[in-house]
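# Breakdown of the fold
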Amino acid sequence: MSLSSKQLVTGATILAATAAAVLAWPAGAGAPSRFGVQASARWAHGARYARATLPPVANPHPDPELQPLRDHPFDVVVHPGGRKVYLSLHGSEGDPGSAVAVVDLADDSVHRIALRPPGEDGPPGSSPHRLTFHPGGRFLVVTNRFSNFASVIDTEVDRVSAEIPLDFHAQQLIFDARGERAWVSIRYLDQVLALRVKVEGDRFTAEVEERGGLSLADFKAGSPSVHERLVRRCGAEACHATRRGAFVAAADAEASFLSLLELWRPGPATNSQLWRAAVRTREGGYADRLPREKAHAGGVIFKAPGRDPDALALRAFLEAPLSGPGIPVGNPRSKPKALALARGGELLLVGNTGTQDIAVVRTATGQEVGSIRVGNVVNDLRVMEGGGREWLLVTTEGIGFGVGVARDPWGSDSWDRENPAAEYTVRRDLETGRVLPREQQDLLGPADAVDGTAAIKFRDIQNDLVVVDLDALEVPEAPPAGGLAPLLSPTRYESHAAWVRYTSDTAESTAGDVHGDIPPDLMRVVGALPEKMAAAGDRLLVTMQGSNLVQVLRLQPGARDPSERLLPLRTLSTGMQPIGIAYGGEVGPAAGRVLVANFLGGSLSVLELESGEGREIVVDPSVLELPVPATEAETGEILAHTALFSADGDTSCVHCHYLDLGDGRPWGVSQVVGQVYDHPGDEAGRLIIGGTMSVPQMRGLFAIQPFFFEGTLSAFEPRSMLMEHIPADDFAGPTPQGDFTHLVAPTVNLGVDDVQSSMDATTSFEATLELRREAMLQRRSLEVFGKAHGLRDIVRFVGAWQITEGRLLPNPFDPDAPAVARGKALFEHPQVGCVSCHPPPHFALKDLPDNPTQSMPAMVTVSNRDASFTLIGMNRLDALNGLRRDLEPWDVGRAEENESHYTTFPLRGLWDRPPVFLHAGTARTLREVLCVPGQEGLRTFPYEPVLGTEPERPGRREVGLNETWLVPAPNRRVRAHMASGGRLGLDTHGGTSQLRAHEIDDLVSFLQSIE
């Protein structure tokens, strides 16, 4: 998009086109929320609660491979009597479950409880998720991801006896010790809802304690009321007597109130556009801002807001309420999941998967007062007592993300070609595929990011447990006046009196690993993807869903050395992909046993804690008819969701593609690799990492091929990424998968090497390493699948899994909200232009003619690291090496013909992604994607975001990233426009610089409504 006068004009043209989108609002469904957040229709002004279930998202694949209907057991709890075990049956995204399985351990019989409401009126709960017993022991609460209610099972009769009105995408529910209060995490809202609970005999009731929000009654109260003051000051015929911009101040109080709702945000008045549009810049507004098209058309309304009675009344009205309907936690897109209570119920701990921290909430006030920064996704929380203290246990992953450990301004960050440590690009000859000589490579300069470990690329993937002494945590009574801040940051592999962080026992086990980086005493985690936890006295039980294991550890509060706080004892073997776990206690048939829900295995593992012996009870009858895996896609799911086939048994696809999305961080991977020449004359070079790439989601993939931002891979070309988990150089010595060093390749087939993962040998030694890798894969697949498979077979299976099902989750946001309608009009307007590159139904442009990679020049700023590596698809490498493939034999493959040209980012499922956007993962919110630098729509973060070891947003302020340094220098008229307070229209990623703050909010609302 070139600079033109259109980029400097007011948004009046767009406003005129979109004003008709919403002229009035109904009371109820489709009205704005009174809580200052985008939400489901459940929280619309005037809406009454109505139980609802979201329908599954249609599969974009028109002719997918037929898949078995699997139950996918997810969570497990044991009845206090020790005889019955309950498992939630998740189902799949396309065919969600609606039942809970009950296993009687006296005879291993299995029956089901349909999650239909009492009286059988209405659809059942959809996709049952977590299970929680009420402290009384009779009632079992089931959160349903795709329904806006939880189901309550009376376990005396094993049927649903009540429902709790909640909201969609509820995660975990936790009760206080008396069972009178409860809290439930809501993933899409980034909030925790507080509940009041009442149990009387066989009657269970609970309701949400709605908090915060603006009140129509308060808006009309007083003489003069806030409504009357706004009509008097803003309701002139030429101003807001009718809707202008986003506001109306008319005689109809409810219409005025509804328009105010969309311009209000909780917190200081300066968060709200209604205030900012009416006051000067020095009071946090823009009414006096030049040029005039960026100011308030009516000028400054409140010239002395500190003395003006109307301004004081408006400010008090805007600042009085809290956010709601629940308790906000963390930064935007925190994606809360796990919950725990501490200090006798005074503290609620909320594990956030999106922002990688634990919110600390005072339950008495319902306010977040600080956080514990974990540095990776928080899978589960468990509070254990020992030694007279409370200990917080956290399951998470590694602290690194594949880039360098520290900046080196005199070495690798150098721009000096004479410096032997300087880093260069890895550009290729597109005709031959071979890496170009050094003189044809460019210097890379400073690294884009650094992390806290010496490992690079996927070797940074680890599996961590964190132990925190909660009694050592200084928790404030109220949020600090200067803003929220971490109370603790256990983001290093160290041991302290207050915290210890442990990682994988195989962190330095292979020849390719960096050795000596992590203290040996802290490498105590056995298995991959630590998920849920249970306690058995002083023993901690952890499901390792990537390794089909439960690790048993002992909590040692009195250990003299803090590194001894967790002592590994043993591992227990489970079924395929264990997730939920419970300990059977001391009574009944479950006594002394560990109960595990196996997601892919469709079974319940019943294991003796002391001996490790056990049995599998199948709860999914389809597994008896069609054992897992029954299809190529199911085989691919095992390969993607477990670490069974990695070189060290500790890495998998979903470590980074967490929940088939992302782990909330950009990663240093092959596409941002550079090279360092050890000696001036050395043309081979060695590889090093210095940049980051956003993690693409593995959902809705069929219709958006080719993949990757560079557009070089089809669904059946994941070979390069899979080889990151099993790099050939790991096999130079023994590995945790076995010792294959006796194997030596007799010959070598020279070809084009894949420097991403040392694939396709160019020397006899490399051929030997690949031979050993192939032997490991065949032996491991024979153990897991009963049939030997090599690397190319594995590629086929993962490819089938990637596209057979969409796996997109149903969108919870209210599609009839007025902001969504206005945002859609902006999205489709030619002056904004979003729809040009993101057309429905898939919202990703993939039909560019004569463009095999479907890529185009970067629309936002790129760095040297973004253009460091010529990415070549596996099909192209095969074609160059003269290899014939059985899959896609017609496809000669694609190469990155233009550095820093990218495909369009698919917008489906955008609402559920963690806060990492754009090709390099530089944007932390959608507003940062849409806004140009300094635009009015930008806000502040509750916490200062941190990536690795470096703060990202000093001052906690969002930054606009809709610009690129590739735009030519602006002319004199544009520079004068900027000097007078205007914004330069560098909006190369859609025309948004002319949009007002409320229009940016509308556009975000539409983007989040896309399913």
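Residues numbered from 1 in each chain as written. Predicted model: local features only at pLDDT ≥ 70, side-chain atom pairs only at ≥ 80, totals over all residues. Heavy atoms only, no water.

### Considering the overall build of the protein chain
Within the protein chain, the secondary structure is distributed over 18 helices and 38 strands. For the protein chain, whose C-alpha radius of gyration is 29 Å, the value lies close to the compact-globule estimate of 30 Å for 1011 residues. Principal-axis analysis of the C-alpha atoms gives the protein chain an extent of 90 × 80 × 60 Å. Within the span of the protein chain, comprising 1011 residues, buried residues form 63% of the whole. In the protein chain, of all internal contacts separated by at least 6 residues, the share reaching a separation of at least 24 is 64%. In the structure as shown, the protein chain presents an accessible area of about 36,600 Å², 53% of it carried by carbon and sulfur atoms. Between the averaged position of the 97 positive side-chain charges in the protein chain and that of its 128 negative side-chain charges there is a distance of 7 Å. (Helix = DSSP H or I, 4+ residues; strand = E, 2+ residues; numbered from the N terminus. Rg over C-alpha atoms; globule rule 2.2 N^0.38 Å. Buried < 20%, exposed > 50% of the residue type's maximum accessible area, 1.4 Å probe, protein only. Contact = heavy atoms within 4.5 Å. Areas by Shrake-Rupley, 256 points an atom, 1.4 Å probe, with all protein chains shown as cover. Lys, Arg positive; Asp, Glu negative; His and termini not counted. Charge placed at Lys NZ, Arg CZ, Asp CG, Glu CD.)

### Here's the deal with the sheet that holds strand E28 (residues 566-573)
Strand order in the open sheet formed by four strands is E25-E26-E27-E28, and the pairing between neighbours is antiparallel. Strands with a single pairing partner mark the edges of an open sheet, and in this sheet they are strand E25 (530-536) and E28. When strand polarity is set aside, the average angle formed by the axes of neighbouring strands in this sheet is 25°. The pairing of E25 with strand E26 (residues 539-544) spans five bridges and is antiparallel. Within E26, the position partnered with Ala535 by the bridge is Leu540. (Pairing = 2+ DSSP bridges. Axes fitted to C-alpha atoms, helices over the stretch in contact; angles between N-to-C directions.)

### A closer look at the pattern of salt bridges
All told, the structure shown has 59 salt bridges when counted by the stated rule. Across the salt bridge formed by Asp538 and Arg554, the nearest N and O atoms sit 3.2 Å from each other. Placement of Asp538 in the loop between E25 and E26 and of Arg554 in strand E27 (residues 549-555) is noted, with a sequence separation of 16 residues between them. Overall, Asp538 belongs to the partly exposed group, its relative accessible area being 37%. (Salt bridge = Lys/Arg side-chain N within 4 Å of Asp/Glu carboxyl O.)

### A few points about the packing of aromatic side chains
Under the counting rule described, the total for this entry stands at 15 aromatic pairs. Ring geometry for Phe827 and Phe1006: centres 5.0 Å apart, planes at 55°, overall tilted. Residue Phe827 is located in helix H13 (residues 818-828), and its partner Phe1006 is located in helix H18 (residues 997-1009); the two are separated by 179 residues in the primary sequence. Assigned by exposure class, Phe827 and Phe1006 land together as buried. (Phe/Tyr/Trp six-rings, centres within 6.5 Å; stacked < 30°, edge-to-face > 60°.)

### Side note on the side chain of His129
With respect to the helices, strands and loops of the structure, His129 is situated in strand E5 (residues 128-133). Of the polar contacts made by the side chain of His129, one reaches the side chain of Gln171; its length is 3.4 Å. Non-local contacts of His129, meaning those with residues more than four positions away in its chain, are made with Phe74, Asp75, Ser88, His90, Val142, Thr143, Arg145, Ala170 and Gln171. (Polar contact = N/O pair within 3.5 Å; in protein donor to acceptor, adjacent residues only side chain to side chain.)

### A closer look at helix H3 (residues 226-234)
Among all positions of H3, only Val226, His227, Arg229, Leu230 and Cys234 are buried. Seen from one end, H3 has its buried residues packed into an arc of 160°, which puts them on one side. Summarising the contacts, the buried residues of H3 are in contact with helix H2 (216-220), helix H4 (253-261), helix H5 (273-276) and helix H6 (309-319). (Arc of directions from axis to C-beta.)

### Re the state of the cysteines
The full count for this structure, using the stated rule, is zero disulfides. Summary of cysteine pairing: Cys234 is not part of a disulfide, and the nearest cysteine sulfur, belonging to Cys239, is at 7.6 Å. Judged by its relative accessible area of 10%, Cys234 falls in the buried class. (Disulfide = S-S within 2.5 Å.)

### Here we look at the packing of H3 against H6
Close contact between H3 and H6 brings their axes to 10 Å; oriented N to C, the two are set at 130°. Looking at the two axes, H3 sits oblique to H6. When you trace H3 past H6, the crossing you get is left-handed. Judged by residue contacts, Val226, Arg229, Leu230, Arg232 and Arg233 of H3 engage Pro309, Asp310, Ala313, Leu314 and Phe317 from H6. Classifying every residue of the contact of H3 with H6 gives six nonpolar, no polar and four charged. (Parallel < 35°, antiparallel > 145°, perpendicular 65-115°, else oblique. Left-handed = near helix turned anticlockwise from the far one by under 90°. Nonpolar A, V, L, I, M, F, W, Y, C, P; charged D, E, K, R; others polar.)

### Comments concerning unusual backbone geometry
Trans peptide bonds make up most of the peptide bonds, and negative phi angles are found at most residues other than glycine. Between Gly324 and Pro325 the backbone carries a cis peptide bond, its omega angle lying at 5°. For Pro325, the position within the fold is in the loop between H6 and strand E13 (327-328). Across the junction of Pro840 and Pro841, the peptide omega takes the value 10°, indicating a cis bond. With respect to the secondary-structure elements, Pro841 resides in the loop between helix H14 (834-837) and strand E35 (856-857). You will see that Asp108, though not glycine, has its phi angle at about 60°, which is positive. Structurally, Asp108 can be placed in the loop between strand E3 (96-104) and strand E4 (109-114). On the basis of relative accessibility, which here comes to 27%, the residue Asp108 falls in the partly exposed class. One non-glycine residue, Ser900, lies in the positive phi region at around 65°. With respect to the helices, strands and loops of the structure, Ser900 is situated in the loop between helix H15 (874-880) and strand E36 (901-902). On the basis of relative accessible area, Ser900 is assigned to the buried category, the value being 10%.

### Details of the nonpolar core
Trp667, Phe707, Phe827, Leu907, Leu1003 and Leu1007 are the most contacted members of the largest nonpolar core, which has 88 residues in total. For this core, the leading source of residues is helix H12 (residues 791-804), giving seven residues. (Core = buried A, V, L, I, M, F, W, Y, C linked by side-chain atoms within 4.5 Å.)

### Thoughts on the environment of Val552
When you line up the elements, Val552 lands in strand E27. When the C-alpha positions of Val552 and Val862 are compared, they lie 46 Å apart, and in sequence the two are 310 residues distant.

### Let's talk about the sheet that holds strand E2 (residues 84-91)
The four strands are arranged E1-E2-E3-E4 in an open sheet whose pairing can be described as antiparallel. Strands at the two margins of the open sheet, each flanked by one partner only, are strand E1 (73-78) and E4. On average, each strand axis in the sheet is tilted by 25° relative to the strand beside it, whichever way the strands run. Note that E2 and E3 share seven bridges and pair antiparallel. Along E3, the bridge assignment pairs Gly91 with Pro96.

### Description of the side chain of His134
Checked against the element boundaries, His134 lands in the loop between E5 and strand E6 (139-144). Residues contacting His134, with those up to four places away along its chain left out, are Phe139, Phe175, Gly179, Val197, Val199 and Phe204.

### A look at the confidence of the model for the protein chain
Mean pLDDT over the protein chain works out to 90, with 93% of the residues at or above the 70 mark. Counting contacts from residues 755-761, a segment whose pLDDT is below 50, to residues more than four positions away or on other chains yields 41 contacts. (pLDDT = per-residue confidence, 0-100.)

### Examining the environment of Glu896
Counting through the fold element by element, Glu896 comes out in the loop between H15 and E36. Sequence spacing of Glu896 and Thr870 is 26 residues, and the spatial spacing of their C-alpha atoms is 5.7 Å. Those residues within four positions of Glu896 in sequence are excluded, and the remaining contacts are Leu430, Glu710, Thr712, Phe869, Thr870 and Leu871.

### Some remarks on the packing of helix H8 (residues 632-641) against H12
Where H8 meets H12, the axes come as close as 7 Å, and the angle between the chain directions of the two elements is 100°. Between H8 and H12, the angle falls in the class roughly perpendicular. When H8 is examined against H12, the residues Glu632, Ala633, Thr635, Gly636, Glu637, Leu639, Ala640 and His641 are found in contact with a partner set consisting of Ile794, Arg796, Phe797, Val798, Ala800, Trp801 and Thr804.

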